[in-house]
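Given next are the chains, with one letter for each unit.
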Amino acid sequence: RCVPVPILDLGRLLSLPTGERELRVLFVGRLAPEKNVSLWLEVARRVHSERPDVCFDIVGDGPLRPMLEAEARRLGIVDAVTFHGPVPRASVPSLFRRVSVLLLTSRHEGFGRVLLEAMAAGVPVVATRTTGAIELLADGAAGCLHGLDDAEGMAQSVLRLLADPKAAQAMAAHARCLVVPRYDPRLLALRWMNMLIEAADSASPVESR
């Protein structure tokens, strides 16, 4: 059985207003190979070539940061991409409040906490078809899912969401409706408690020495 760790500030994310947002595309996560941020930058390049008014925010740190900063320069998008480094947990809701799209290009993703945070914050999601993304986004019904190397497809999804705010808001609203019944912290805490009780009840007694 798999029970996610509750997101304690979920209520704050759910309370964020939805309406128009800045033309910004966001990444939040560790700058490590499994996140495939090189692909993220290639998607950003394709979006930027058609919409030079869009900005790109990379939040997080990791061993690949110097290489990725060099990659942004090589792709000619260094002026459009901001590497923010790590930010405090308390600042995450304000990040989501500003952006129009969350873009994730991971090669593999477990639960995908940042996806759930974006859904709760009313931010449309474009992501690779990983196990975590498929589960959270209801196999594409609540976000745009693409193959692991589909830079062009992801770029086109980002461009469509930026060009059609009403469709983007409708997608985000649908995603938000999935969050509360499935990931309410109180419900998850109860599931954790029940799982621990069941595990304790089924354990074999150990003789004391």
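Now for a look at the structure at hand. (Residues numbered from 1 in each chain as written. Predicted model: local features only at pLDDT ≥ 70, side-chain atom pairs only at ≥ 80, totals over all residues. Heavy atoms only, no water.)

Quick notes on the side chain of Thr128
Stage number 1. Relative to the helices and strands, Thr128 is located in strand E5 (residues 125–128).
Stage number 2. A polar contact of 2.6 Å, which involves the side chain of Thr128, links it to the backbone oxygen of Ser106.
Stage number 3. With sequence-adjacent residues up to four places away left out, Thr128 is seen in contact with Leu104, Thr105, Ser106, Ala133, Leu145, His146, Gly147, Leu148 and Met154. (Helix = DSSP H or I, 4+ residues; strand = E, 2+ residues; numbered from the N terminus. Polar contact = N/O pair within 3.5 Å; in protein donor to acceptor, adjacent residues only side chain to side chain. Contact = heavy atoms within 4.5 Å.)

Looking at the pattern of salt bridges
Stage number 1. For the structure shown, the criterion picks out 14 salt bridges.
Stage number 2. The salt bridge involving Asp57 is made with Arg24; its shortest N-O contact spans 2.7 Å. Of the two residues, Asp57 sits in strand E2 (residues 55–59) while Arg24 sits in strand E1 (residues 24–28), which places them 33 residues apart along the sequence. Here the two residues Asp57 and Arg24 agree in accessibility, since each one is buried.
Stage number 3. A salt bridge links Glu71 to Arg74, with the nearest nitrogen and oxygen atoms 2.9 Å apart. (Salt bridge = Lys/Arg side-chain N within 4 Å of Asp/Glu carboxyl O. Buried < 20%, exposed > 50% of the residue type's maximum accessible area, 1.4 Å probe, protein only.)

A look at a nonpolar patch on the surface
Stage number 1. Together, Leu190, Met193 and Ile197 make up an exposed nonpolar region whose accessible area comes to about 270 Å².
Stage number 2. Examined against the element boundaries, Met193 turns out to sit in helix H9 (residues 185–202).
Stage number 3. Since its relative accessible area comes to 44%, Met193 is described here as partly exposed. (Patch = residues over 30% accessible without salt bridge, like charges linked within 9 Å, V, L, I, M, F, W, Y side chains within 5 Å. Areas by Shrake-Rupley, 256 points an atom, 1.4 Å probe, with all protein chains shown as cover.)

Focus: unusual backbone geometry
Stage number 1. At Ala138, a residue that is not glycine, the phi angle is positive and equals roughly 55 degrees.
Stage number 2. In this fold, Ala138 is placed in the loop between helix H6 (131–136) and strand E6 (144–146).
Stage number 3. According to the relative accessible area criterion, Ala138 is partly exposed, its value standing at 32%.
Stage number 4. If you check the backbone angles, Asp139 has positive phi at about 55 degrees while not being a glycine.
Stage number 5. Locating Asp139 in the fold gives a position in the loop between H6 and E6.
Stage number 6. According to the relative accessible area criterion, Asp139 is partly exposed, its value standing at 48%.

All we've got here are geometric facts, nothing functional implied.
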